[in-house]
Amino acid sequence: MFQFQELKKSLLVSLWFAFLTFPLLVIKVDPIERTVLWRWDNMLYVVLGSFAISILVRVFNVQKERRRDRRASNHTIDREPLMQVVLREPRYLYPLAGAALLFALLFPSLFSIYQTNIMITALMYVVLGLGLNIVVGLAGLLDLGYVAFYAVGAYSYALLNFHFDVGFWIALPIGALLAALFGILLGFPVLRLRGDYLAIVTLGFGEIIRLILENWNAFSQGPSGISNISRPGLFGIDLSLEGSILYMYYLMIAVVIFTIFVVNRLQDSRIGRAWIALREDEIACQAMGIDKTRTKLTAFALGATWAGMVGVIFAAKTTFINPASFTFLESAIILCIVVLGGMGSIFGVIVGALILILLPEHLRALSEYRMLAFGGVLVVMMIFRPQGIVANIRRSYHFEKKPGGEGQ
Amino acid sequence: MEYFIELLFSGLTKGSIYALIALGYTMVYGIIGLINFAHGEIYMIGAFTSFVVATVLSIYGFPLLSIVVLAGIAAAVWSASYGYTIEKIAYRPLRHAPRLSALISAIGMSIFLQNYVLLAQSSDFQPFPELIPEFEFMEPFAHIVGSAEIAILLTTAVAMVALTILIKFSRIGKAMRATSQDRTMAMLVGINVNRVISMTFIIGSALAAIGGMLIASHIGSIHFFIGFIAGIKAFTAAVLGGIGSIPGAVLGGFVLGLTESFATGYVSSDYEDVFAFSLLVLILIFKPSGLLGRVETEKV
Amino acid sequence: MSEPVLKVDNLSMDFGGIRAMSELDLEVCKGEIVALIGPNGAGKTTFFNCVTGIYNPTGGDVHLHPPSGEPVRLNGLKPNKVTEQGMARTFQNIRLFQNMTVLENVMIGRHCRTRSYIAGAVFKTKATRREEQETVDKSYHILEQVGLADAVNDFAQNLSYGAQRRLEIARALATDPFLLLLDEPAAGMNPQETSELDELIKRIRDGGLSILLIEHDMKLVMSLSDRIFVMDYGKKIAQGTPEEISANPVVIKAYLGEDIDA
């Protein structure tokens, strides 16, 4: 099915990549010992790898073309993907959700405490992803400084705990509220900016907050960070390390369920529809009577609230925080979760977070390539599947055929 | 006074490098309306390529002048190739997609390239060979301004003049200006827009690579993460001058370089990066069209 | 003449020294269908944008007279506030929310007439549920009016061109306007669709709304309008009944050029 021409093109692509990667991937110098290492094997991998990828992309494009032709000639609507059907029909969805919940509840008794600990991290990213999903996925505001609100939450618990011995449960709402307040304060000036400028300004704010935490020693103890943060208490009982991990795990499960519940209710509500409309077309949205600034600010602040909340949990889990945990890359990872999973889709974000956080943890060989893969995922998803693994579905309404029919 | 002149020169040096990188941002933005987030990485790759080539050549005992020239050419050629490839892979398929999709792709590319260099080369700081000798005639002023700074200023001046001539008088330069005015019209009068866009990436990347080599040899070390900060600062410069405007990028670069230099010299050096970021945020909020840019209005 | 619902005096708009519209006077009365016509680039859409708050006019006044209550000055109000006052619009180049369903598009129009917010949505309070139900019912009812009741759950982007134009009207109607501004509603429609549109617009008027429309389809304009305003080069060059306008030499000149004998 392939023409010789196509193979030749792929061959040229692989030669081009051999050239491109030559100085950095083949040559390795040691400027101190003054030796040169020629890694020709890398060139071989590049040639083979880029040839294979080039062929795959060609096959993909040919198939896409064919699908389009078929659709144009037959006027048949594509069969709805299985995943969509499952997600929409309660008779499939509820048993599956129940099974997932059961599995989640039994997880600590099925797997080791080490696995449970990793799972806590993954669940934290699920919540962060769902929070950012409100801002990016629903309202269409690309926030590259999301990690700043995470930092606000973490530092508010750390500092309150350090100075005033404030407990976790009191700090949790305070951290969330402070993050929301920050979101509103930052949001006011920036939300009237156009999409790509907004992205850069939020990135700038994120970095400013991190740099301030790093340099303002009197306030944040600088790069050395704050240690000995209390773990969450359980009615004054002293928990063992293992006990507190279990406690943390179930706490996270509760937070995840709470988040899913809230986001799910929001996205089919009046305000949720306004967010999506804003993402689709700002001018039309305003012309339909939606207050742009207020609606954006709500999304921004609400997203920040969740980051703040997870920030408090993060500080309590690790008992130590420093500014290095709140770099731009952290924001990029959370963005990657949302993009991979599917912007606007709750289930998608959960899947995205579990894949991106658990996979590198479990395949140790992969962990080195973790960030490389994250970057690649962003590019590949945008080009081949911008809607993400699980596309967002909109609620459908059913009416009986009569004037002013009943909605349900 | 001497301290002032010292700061002035260090500001001008920094500024000229920012300007060199900012040109790439502004040219790409002018033509396809994309913030090429990976541009800082192109600069870093240029610096790394010149580091590898210069070190290899010096190990094999080449004379200094040939090392400088070859390392410079290699940096420009490879960065240009990376720029060209990135545009083709990550941006061209998204040319008709929403603006944010292309931006997310650019961010992904930036993270990818950073980690590619981290894995292919090293995660540590690498000592960069000294490429610019101390000129004898500069001896009396050495405590105020180094030879390297003079060399950087001269090289960037030459590069900018060359770019101006290219854009003002060459065929491709005219095509670029036409495309940035109106892409559809340019296409209708027979300009190969894809080629123009590729050329824009190639030229912008080569300029960034030269900036990368100059600054790395001036500072004397190199690291895979230098592209991120430099990229954001150069973007700040581009926005400051008015993104899309070529003289604006140069002006913005110098204003940013001088501001930073004097602010760190007279106020505090702890917050060097905070100055740049704050400047970026303030301009975007209060005057997004910059000093020399034109105001964009959305058509309804 | 009956009482005005929209009164525009001396309205001007400059874009960086270029005058896109100068000293325009216009009035729409209750229950009237008024057309705004003129060659391409005459400044008609600029006029709409100035009146609806998308641009802030550089001179003149726009007043809206709600059926009950005091007249409101619209200059400098944000588009959403203008819509809240009871004037809604459609767009020349269709601006639907493409990735939302047809019903959701119309429900967005109800936004400014409903109140529930975050707490209501999360706790699904009684008031919120009632409001949602009303929104859904009312939106469905409007879709029935414009003939899109079979497509409620389709994505807006999958509709035909004519259906998208009707959906724009439905969405505007959902904001409970007393004055509707239509920007080239028949553009790109076939004759069949246009005649359906003609009926739809008349039905909307009969429902008590006033309508101001920009349109190039002269047959539609002549059949619908009570009065016509003609613009050229940013100025009003004529106004009158369809009969007066079609006999006006100035108008014919503007459309056909100087050297044609009027």
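Some words on the overall build of chain A
Reasoning step 1: Assigned secondary structure in chain A consists of 17 helices and two strands.
Reasoning step 2: On the principal axes, the C-alpha backbone points of chain A span a range of 85 × 75 × 50 Å.
Reasoning step 3: A total of 408 residues make up chain A; the buried ones form 52% of that total.
Reasoning step 4: In chain A, the share of contacts with a sequence separation of at least 24, taken over all contacts with a separation of at least 6, comes to 74%.
Reasoning step 5: About 18,700 Å² of surface is accessible on chain A, with carbon and sulfur atoms providing 66% of the total.
Reasoning step 6: For chain A, the distance from the average position of its 34 positive side-chain charges to the average position of its 26 negative side-chain charges is 7 Å.

Section: the nonpolar core
The nonpolar side chains of a soluble globular protein tend to be buried, and buried together.
Reasoning step 1: Within the largest apolar cluster, 230 residues are counted, with the highest numbers of intra-cluster contacts made by Leu142, Tyr150, Met252 and Trp275 of chain A together with Tyr82, Tyr91 and Tyr116 of chain B.
Reasoning step 2: A per-element tally of this core places helix 5 (residues 113-138) of chain A first, with 16 residues.
Reasoning step 3: Ignoring any residue separated from it by four or fewer positions in sequence, one finds tyrosine 91 of chain B in contact with Leu34, Asn36, Phe37, Ala38, Ile86, Ala102, Ser105, Ala106, Met109 and Phe201 of chain B.
Reasoning step 4: In terms of nonpolar packing, the next biggest core, distinct from the first, is built from 49 residues, Leu96, Leu143, Ala174 and Ala238 of chain C among them.

Side note on the interface of chain A and chain C
Reasoning step 1: With 42 residues of chain A at the contact, the number on the chain C side is 47 residues.
Reasoning step 2: Roughly 3,900 Å² of surface becomes buried between chain A and chain C when both sides are summed, with 58% attributable to carbon and sulfur atoms.
Reasoning step 3: When residues of chain A are sorted by the area they lose upon contact with chain C, Arg270, Arg273 and Met288 of chain A head the list and together hold 22% of the total.
Reasoning step 4: Counting the contacts that link chain A with chain C gives two salt bridges.
Reasoning step 5: The closest approach of N and O atoms between aspartate 281 of chain A and arginine 95 of chain C, which form a salt bridge, is 2.8 Å.
Reasoning step 6: Counting every contact that joins chain A to chain C gives 13 residue pairs in polar contact (both at pLDDT 80 or more).

Focus on the packing of helix 7 (residues 168-190) of chain A against helix 13 (residues 292-318) of chain A
Residues and elements named next belong to chain A.
Reasoning step 1: The contact between helix 7 and helix 13 brings their axes to 7 Å, and the two run at 145 degrees. By crossing handedness, the relation of helix 7 to helix 13 is classed as right-handed. Contact residues: helix 7 offers Phe168, Ala171, Leu172, Gly175, Ala176, Ala179, Ala180, Gly183, Ile184, Gly187 and Phe188, while helix 13 offers Leu297, Phe300, Ala301, Ala304, Thr305, Gly308, Met309, Val312, Ile313 and Ala316.

Here we look at the packing of aromatic side chains
Working definition: an aromatic ring pair is given by the centre-to-centre distance plus the angle between the planes.
Reasoning step 1: Enumeration according to the criterion identifies 37 aromatic pairs over all chains in this entry.
Reasoning step 2: Summarising the aromatic geometry, the rings of tyrosine 150 of chain A and phenylalanine 314 of chain A are spaced 5.4 Å apart at their centres and angled 45 degrees between planes, so their arrangement reads as tilted. Pair noted here: tyrosine 150 of chain A is in helix 6 (residues 146-164) and phenylalanine 314 of chain A is in helix 13, with a separation of 164 residues, a long-range link.
Reasoning step 3: The exposure class assigned to tyrosine 150 of chain A is buried, which follows from its relative accessible area of 2%.
Reasoning step 4: Relative to phenylalanine 168 of chain A, the ring of tyrosine 157 of chain A lies with its centre 5.9 Å away and its plane at 80 degrees, an arrangement referred to as edge-to-face. Taken together, the residues span a long stretch of sequence, with tyrosine 157 of chain A in helix 6 and phenylalanine 168 of chain A in helix 7 at a distance of eleven residues.
Reasoning step 5: Using a relative accessible area of 0% as the deciding quantity, one classes tyrosine 157 of chain A as buried.
Reasoning step 6: The class for phenylalanine 168 of chain A is buried, based on a relative accessible area of 2%.
Reasoning step 7: Members of the aromatic cluster, joined through ring pairs, are Trp16, Phe19, Phe22, Trp38 and Trp40 of chain A together with Trp78 and Tyr84 of chain B.
Reasoning step 8: In this structure, arginine 294 of chain A packs its charged tip against the face of tyrosine 117 of chain C, placed 4.5 Å from the ring centre.
Reasoning step 9: In this structure, arginine 95 of chain C packs its charged tip against the face of phenylalanine 91 of chain C, placed 5.7 Å from the ring centre.

Concerning the interface of chain A and chain B
Reasoning step 1: On the chain B side, the residues contacting the 58 residues of chain A number 62 residues.
Reasoning step 2: Buried area between chain A and chain B, summed over both chains or domains, comes out near 5,400 Å², and the portion from carbon and sulfur atoms is 78%.
Reasoning step 3: The three residues of chain A that bury the most area against chain B are Leu24, Tyr197 and Ile200 of chain A, which together make up 13% of that side's buried surface.
Reasoning step 4: Between chain A and chain B we count one salt bridge in total.
Reasoning step 5: One salt bridge in this structure joins aspartate 196 of chain A and arginine 99 of chain B, with 3.8 Å as the shortest N-O distance.
Reasoning step 6: Linking chain A with chain B are ten residue pairs in polar contact (both at pLDDT 80 or more).
Reasoning step 7: When residues of the side of chain A that touches chain B are traced back to their parent elements, those giving at least two are helix 1 (4-26), strand 1 (27-30), strand 2 (35-38), helix 7, helix 8 (195-215), helix 14 (328-341) and helix 17 (370-384) of chain A.

Points about unusual backbone geometry
Working note: non-glycine residues mostly have negative phi, and peptide bonds are mostly trans.
Reasoning step 1: Here the phi dihedral of aspartate 165 of chain A falls at roughly 60 degrees; this positive angle occurs in a residue that is not glycine.
Reasoning step 2: As for its placement among the helices and strands, aspartate 165 of chain A is situated in the loop between helix 6 and helix 7.
Reasoning step 3: You can call aspartate 165 of chain A exposed: its relative accessible area is 60%.
Reasoning step 4: With a phi close to 50 degrees, tyrosine 233 of chain C is a non-glycine residue in the positive phi region.
Reasoning step 5: Residue tyrosine 233 of chain C is classed as exposed on the basis of its relative accessible area of 72%.

Here's the deal with the confidence of the model for chain A
Reasoning step 1: The predicted model of chain A has a mean per-residue pLDDT of 87, with 94% of residues at 70 or higher.
Reasoning step 2: Overall, residues 403-408 of chain A carries pLDDT values under 50, and its contacts beyond four positions in sequence, including any with other chains, amount to 19 contacts.

A closer look at the sheet that holds strand 8 (residues 210-214) of chain C
Residues and elements named next belong to chain C.
Reasoning step 1: Pairing in this open sheet of six strands is mixed, and the strands run 6-7-8-3-9-10 from one edge to the other. Two strands bound the open sheet, and with one partner strand each, they are strand 6 (87-89) and strand 10 (235-240). Between one strand and the next, the sheet's axes are offset by a mean angle of 20 degrees, whatever the strand orientation.
Reasoning step 2: On the sheet, helix 1 (residues 44-51) packs against strand 3 (33-37), strand 6, strand 7 (179-183), strand 8 and strand 9 (227-232) and is oriented at approximately 140 degrees with respect to strand 8.
Reasoning step 3: Contacting strand 3, strand 7 and strand 8, helix 7 (residues 191-206) crosses the sheet at an angle of about 150 degrees to strand 8.

Reading the values: the criteria
- Residues numbered from 1 in each chain as written.
- Chains lettered and ligands numbered in written order.
- Predicted model: local features only at pLDDT ≥ 70, side-chain atom pairs only at ≥ 80, totals over all residues.
- Heavy atoms only, no water.
- Helix = DSSP H or I, 4+ residues; strand = E, 2+ residues; numbered from the N terminus.
- Buried < 20%, exposed > 50% of the residue type's maximum accessible area, 1.4 Å probe, protein only.
- Contact = heavy atoms within 4.5 Å.
- Areas by Shrake-Rupley, 256 points an atom, 1.4 Å probe, with all protein chains shown as cover.
- Lys, Arg positive; Asp, Glu negative; His and termini not counted.
- Charge placed at Lys NZ, Arg CZ, Asp CG, Glu CD.
- Core = buried A, V, L, I, M, F, W, Y, C linked by side-chain atoms within 4.5 Å.
- Buried area = accessible area lost by both parts, 1.4 Å probe.
- Salt bridge = Lys/Arg side-chain N within 4 Å of Asp/Glu carboxyl O.
- Polar contact = N/O pair within 3.5 Å; in protein donor to acceptor, adjacent residues only side chain to side chain.
- Axes fitted to C-alpha atoms, helices over the stretch in contact; angles between N-to-C directions.
- Left-handed = near helix turned anticlockwise from the far one by under 90°.
- Phe/Tyr/Trp six-rings, centres within 6.5 Å; stacked < 30°, edge-to-face > 60°.
- Lys NZ or Arg CZ within 6 Å of the ring centre and 35° of its normal.
- pLDDT = per-residue confidence, 0-100.
- Pairing = 2+ DSSP bridges.

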